[in-house]
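One-letter residues, chain by chain:
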Amino acid sequence: MASLSVKPGQRFTLPDWQNNSLLISADAEQQRYNSHHIRQEGRALRNETGNQARWDEHNNRTRLNDRITSVDRWREALARCLTDIDLEIDALTKVKEAAENALQAKNLCLDVAIECLTFRESRRDIDVVRDPVEEELLREVKVIEKTKKELQQRVDDAFKQLCLLKEARQQLSCDHRHKVETLELDRQCVSFNVTSGNISFKVNPTRVPDGTTALREWELNSQCNKERAEAEMRASVDLRGAITLSIAQTNNELDAQRIATEFALRKRIRDMEGALSELRWQEQNTLEEIAEMEEEIRQLEEDIRKRTLDLKVAHTRLETRTYRPHIELCRDQAQYGLTDEVQQLEGTIRALQQKRTESQDALDALYRQLHRIQTDIGYKTNSLQLDNKCMDTRRKLVVPVEKFEPEVDAVNRTRNLPRNSQLEL
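- The protein goes by Tektin in an unreviewed UniProt entry, where it is assigned to Melanocharis versteri.
- Its UniProt record gives the protein the following Sequence similarities (unreviewed entry) comment, quoted word for word: "Belongs to the tektin family."
- According to the UniProt record, the Subcellular location (unreviewed entry) comment for the protein reads "Cytoplasm, Cytoskeleton, Cilium axoneme".

Here you go:
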């Protein structure tokens, strides 16, 4: 006989089963509510922190840019001041050399006067008198000795002023160099972003480094350096004017040589300009050829890439056909064709790679030649500038002595002075 199979174990009532289902539903709704609340809070937190981070980064980037602008403005001011002080040092050096030459020229005048007095001591008897000639000679000796003393004092003053100018320039140069380094670091900071490869965590980045200065102290330091340099330049300009006024007349002894030198200098300038024109033409043609060669290399690389893809396709086809079953694995025309295609593509790629190597070697040679041309252009440009400066400087030689008056250039703050060889008291 068949018997009824009853599952052993505890039996629950229908209300228990219903309550269990309701409890599961209520727990699920509560968990979904909690999860939704947490998600909303997370989304709000993400929005808030993201916006705050973006604003903080934007504000700091703006501060860095403002700081770069401020430092760059001071760098430009210091660079202009450095240029002015270099010009002033050169000008004062030339005037000092002129004073030394004038001082040296006084020795001949003094020797002549003393020699004349010595000759006159050979007079005899009644001719040994204190006449106007002797008085003038004695007065000439006193004037020459007074002039030499004055010129020597001017030379000493010029030497001291040069030392002060060089000291001020050293401070300016150091300050300018530090600002250039600071600009480089701040610009590097501006360039950093979340995708930069050189960002990382640092140990105690918020520390205050030793030697940190206040912003006001930084501004005062640059301002003091600039003001001191300008004060020394003003003192140097005044000293050069005083030295120039101590030198009375010019000497025309070297006019013939000056004319010959200036003629040769003008001819040299014309030759240099012609050479520069030819070099610039060569540079332009070389740059055009470099551009064409770079484009050709790009085309070769693109062809190599395309032929490599074709080769991959042919390899894949050959490999796939090796799985043909039994008698189907025969060397048919497709097999021969694919084999020939692989060999042809491999040869083509080798030829293209060889041509790319040759093209790259040619491009490197072009770049070397371009560097050589540009270097030579730099040399010749510098020489031409120096020759033009020489012409500008030698222009002062044509100023008549009686019409010469020191003039201050408002741009470079130097005086137009006669050449040392023509300065004479």
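A look at the overall build of the protein
In step 1: A tally of regular secondary structure across the protein gives five helices and two strands.
In step 2: Mapped in sequence order, the helices and strands of the protein form the string α-α-α-β-α-α-β.
In step 3: A buried classification covers 26% of the 425 residues belonging to the protein.
In step 4: Relative to all contacts within the protein whose residues are 6 or more apart in sequence, the contacts with residues 24 or more apart total 86%.
In step 5: Carbon and sulfur atoms make up 54% of the accessible area of the protein, which totals about 30,200 Å².

Topic: the pattern of salt bridges
In step 1: For the coordinates displayed, the defined rule picks out 15 salt bridges.
In step 2: The salt bridge involving Arg-75 is made with Asp-72; its shortest N-O contact spans 2.9 Å. Placement of the pair is Arg-75 and Asp-72 together in helix H1 (residues 14–120), with a separation of three residues, close to one helical turn.
In step 3: A residue is classified by how much of its surface remains accessible, and Arg-75, at 22% relative accessible area, is partly exposed.
In step 4: With relative accessibility at 16%, the residue Asp-72 sits in the buried group.
In step 5: The closest approach of N and O atoms between Lys-226 and Glu-230, which form a salt bridge, is 2.5 Å. Taken as a pair, Lys-226 and Glu-230 lie in helix H3 (residues 215–246) at a separation of four residues, close to a single helical turn.
In step 6: Three or more residues are tied together by salt bridges with common partners; here these are Asp-72, Arg-75, Glu-76 and Arg-187.

Some thoughts on the nonpolar core
For soluble globular proteins, nonpolar side chains are generally found buried alongside one another.
In step 1: Counting 18 residues, the largest nonpolar core has Ile-85, Leu-92, Leu-165, Leu-172, Ala-229 and Ile-243 as its most contacted members.
In step 2: Every element with two or more residues in this core is listed here: H1, helix H2 (132–191) and H3.
In step 3: With residues up to four places along the chain from it excluded, the contact list for Leu-172 reads Leu-78, Cys-81, Leu-82, Ile-85, Asn-225, Lys-226 and Ala-229.
In step 4: Formed by seven residues, the second largest nonpolar core is a distinct cluster that contains Leu-311, Ala-314, Leu-338 and Leu-345.

What about the packing of aromatic side chains?
In step 1: By the definition in use, this model includes zero aromatic pairs.
In step 2: Lying over the aromatic face of Trp-218, Arg-67 brings its terminal NZ or CZ to 3.9 Å of the ring centre.

Description of the environment of Lys-94
In step 1: With respect to the helices and strands, Lys-94 occurs in helix H1.
In step 2: Each C-alpha atom, one on Lys-94 and one on Arg-240, is 9.6 Å from the other, the two residues being 146 residues apart in sequence.

Overview of the UniProt feature "coiled-coil region" (unreviewed entry) in the protein
In step 1: As recorded in UniProt, the sites labelled "coiled-coil region" (unreviewed entry) are residues 134–161, 276–310 and 342–369.
In step 2: In this annotation, residues 342–369 is assigned 100% helix and 0% strand; the end-to-end C-alpha distance for the span is 40 Å.

Some words on the environment of Asp-86
In step 1: By the secondary structure assignment, Asp-86 is in helix H1.
In step 2: Placed 80 residues apart in sequence, Asp-86 and Lys-166 show a C-alpha to C-alpha distance of 8.8 Å.

Some points on the confidence of the model for the protein
In step 1: Of the residues in the protein, 75% have a pLDDT of 70 or more, and the chain-wide mean is 77.
In step 2: Across residues 399–425, confidence stays below pLDDT 50; counting only partners more than four residues off in sequence or on other chains, it has 72 contacts.

Quick look at the environment of Arg-321
In step 1: Assignment of secondary structure puts Arg-321 in helix H4 (residues 255–321).
In step 2: Remark: the alpha-carbon pair of Arg-321 and Ala-334, spanning 13 residues in sequence, is separated by 9.7 Å.
In step 3: The residues contacting Arg-321, other than those within four sequence positions of it, are Leu-329, Asp-332, Ala-334, Gln-335 and Leu-338.
In step 4: Here the side chain of Arg-321 touches Gln-335 through a polar contact of 3.2 Å, side chain to side chain.

Observations concerning the side chain of Asp-186
In step 1: Its place among the elements puts Asp-186 in helix H2.
In step 2: The side chain of Asp-186 is buried and forms no salt bridge, while Arg-67, the nearest opposite charge, is found at 4.9 Å.
In step 3: Contacts of Asp-186, omitting those with residues within four sequence positions, involve Leu-64, Arg-67 and Ile-68.

Rules of the game
Each chain has its residues counted from 1, running along the sequence as written. Reporting of local features is limited, given that this is a predicted model, to residues whose pLDDT is at least 70; pairs of side-chain atoms are given and counted only at 80 or more, and all residues count toward the totals for whole chains, interfaces and linings. To get the side-chain values, all heavy atoms of the structure are used, and hydrogens and water are removed first. UniProt positions are given in the numbering used here, feature names are shortened, and annotations may be inferred rather than shown by experiment. Here a helix means four or more residues in a row that DSSP labels H or I, a strand means two or more in a row labelled E, and each is numbered from the N terminus. The classification of residues rests on relative accessible area computed with a 1.4 Å probe and restricted to protein chains. Under 20% of the type maximum is buried, over 50% is exposed, and intermediate values are partly exposed. We call two residues in contact whenever any of their non-hydrogen atoms come within 4.5 Å of each other. Exposure was quantified through the Shrake-Rupley algorithm and a 1.4 Å probe, taking into account, for residues, occlusion by the shown protein chains and nothing else. The term salt bridge refers to a side-chain nitrogen of Lys or Arg lying within 4 Å of a carboxyl oxygen of Asp or Glu. The criterion is simple. A nonpolar core is a set of buried Ala, Val, Leu, Ile, Met, Phe, Trp, Tyr and Cys residues joined through side-chain atoms within 4.5 Å. Here is the rule: rings of Phe, Tyr and Trp (six-membered ring for Trp) pair when centre to centre is within 6.5 Å. Planes less than 30 degrees apart are stacked, more than 60 are edge-to-face, and the remainder are tilted. In this scheme, Lys NZ or Arg CZ marks a charge over a ring once it lies within 6 Å of the ring centre and within 35 degrees of the ring normal. A residue's pLDDT is the predictor's confidence in that residue, given on a scale from 0 to 100. Contacts described as polar in this section are N or O atom pairs within 3.5 Å, which, within protein, must combine one atom able to donate a hydrogen with one able to accept it, while residues neighboring in sequence count only if both atoms come from side chains. Note that His is not counted, nor are the chain ends; the positive residues are Lys and Arg, and the negative ones are Asp and Glu.

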